[in-house]
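Listed here are the chains, written in short residue letters.
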Amino acid sequence: MTTRKPIAVATNDSAQSQAAVLWAAARAKRAGLPLVLLHVVDDRWVAEPYPWFGTLQEVGQELLQKAAARLDGVEPAVSTELLTGSVGGSLAKYSKRTSMMVVGSGSGHLGGTLADRALQVATGAKVPVAVVGTQDLEGRTGVVVGVDGSPEATQAVAFAAAEADRDGDELTVVYAISVPNPVIDAGLSTATLASLAVDEERIVLSETVAGLKEDYPDLTVHQRLETERGPVDALVDAASGARLLVVGSRGRGAFKRLLLGSTAHGVLRHLPCPTVITRTEAGANQI
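In what follows, the accompanying structure is described. As the structure is a computational prediction, the values presented were derived from the model and not from experiment.

Attention shifts here to the overall build of the protein chain. Counting secondary structure elements, the protein chain contains nine helices and ten strands. Burial status across the protein chain gives 49% buried among its 287 residues. A sequence separation of at least 24 residues applies to 79% of the contacts in the protein chain between residues at least 6 apart. When the accessible surface of the protein chain is summed, it comes to about 13,700 Å², and 53% of that surface belongs to carbon and sulfur atoms.

Below you can see the structure in the form of structure tokens.
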């Protein structure tokens, strides 16, 4: 462990955020890190200090105390902090003080869904962001990671491999590609060209996981090259029974100006299990 920064989890007392709090608490306990419970009072519509804004702050403090009470007597040490500002922006800014940010997903919320908030946090955060839904995690096993040969994917594999090895899980590395169809794309390519494309991308997949056996000799790694479905569908399917899904913040096909790639965006919209969005600059913060 290379950092003592806490794990932070945002809550608004929805079922999704309650699940996120429990997930974050379990992870913080395992990592021996403090846990911070956060709530953001959205002040985007406040042009001046209206009297009722103080009431919102009081409600927010009560909500945090209620969330902390659910963890009473459970390690690790728990603290709370009330933030003000835009929800996504405030959480992304606060992430600089953490080793991981955890948010819930999929519940209605003033000004947008928590899925929207998760996207905003994952876009702006400088540390891994875990998005947790209300799926039953009982009996789930394995860690799934999406790759595409990009630096972000390499970071995601490193995170996922360490995660799987630490808990004795198997790791499934999924690479979804689009290959020419010799019938639909008649005149544009041949079956031989399609086969060569698959062979080349299989090499990319193999190179992505190269070295894992040396670093984690007991880790079982499965490689899955998907040619029939896009990345989002392939990852959601592969992770349907998994304990955790890991994806990079941006793939090799994303425009550099985009902070969150289409695959990460799509997966968060169809969350199959707790999902971690990693970032290349967060490599030292493996927890």
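Once that is clear, we can look at the side chain of Thr11. Within the element layout of this structure, Thr11 appears in the loop between strand E1 (7-10) and helix H1 (15-31). From its side chain, Thr11 meets the backbone nitrogen of Asp13 in a polar contact 3.1 Å long. Non-local contacts of Thr11, meaning those with residues more than four positions away in its chain, are made with Ser17, Val21, Leu38, His39, Leu63, Leu64 and Ala67.

With that settled, the discussion passes to the environment of Lys66. By the secondary structure assignment, Lys66 is in helix H2 (residues 51-69). Residue Lys66 is classed as partly exposed on the basis of its relative accessible area of 45%. Separated by 53 residues in sequence, Lys66 and Asp13 have C-alpha atoms that sit 8.6 Å apart. Here the side chain of Lys66 touches Asp13 through a polar contact of 3.4 Å, side chain to side chain.

Two elements in contact, helix H8 (residues 231-238) and helix H9 (residues 262-269), have axes whose closest approach is 9 Å; the angle formed by their N-to-C orientations is 45°. As summarised for this structure, H8 and H9 are arranged oblique, according to the angle between their axes. As H8 runs across H9, the sense of the crossing is right-handed. Facing Pro231, Val232 and Leu235 of H8, the residues of H9 in contact are Ser262, Thr263, Gly266 and Val267. A class-by-class count of the residues in the contact of H8 with H9 yields four nonpolar, three polar and no charged.

What counts, and where the lines are drawn
- Residues numbered from 1 in each chain as written.
- Predicted model: local features only at pLDDT ≥ 70, side-chain atom pairs only at ≥ 80, totals over all residues.
- Heavy atoms only, no water.
- Helix = DSSP H or I, 4+ residues; strand = E, 2+ residues; numbered from the N terminus.
- Buried < 20%, exposed > 50% of the residue type's maximum accessible area, 1.4 Å probe, protein only.
- Contact = heavy atoms within 4.5 Å.
- Areas by Shrake-Rupley, 256 points an atom, 1.4 Å probe, with all protein chains shown as cover.
- Polar contact = N/O pair within 3.5 Å; in protein donor to acceptor, adjacent residues only side chain to side chain.
- Axes fitted to C-alpha atoms, helices over the stretch in contact; angles between N-to-C directions.
- Parallel < 35°, antiparallel > 145°, perpendicular 65-115°, else oblique.
- Left-handed = near helix turned anticlockwise from the far one by under 90°.
- Nonpolar A, V, L, I, M, F, W, Y, C, P; charged D, E, K, R; others polar.

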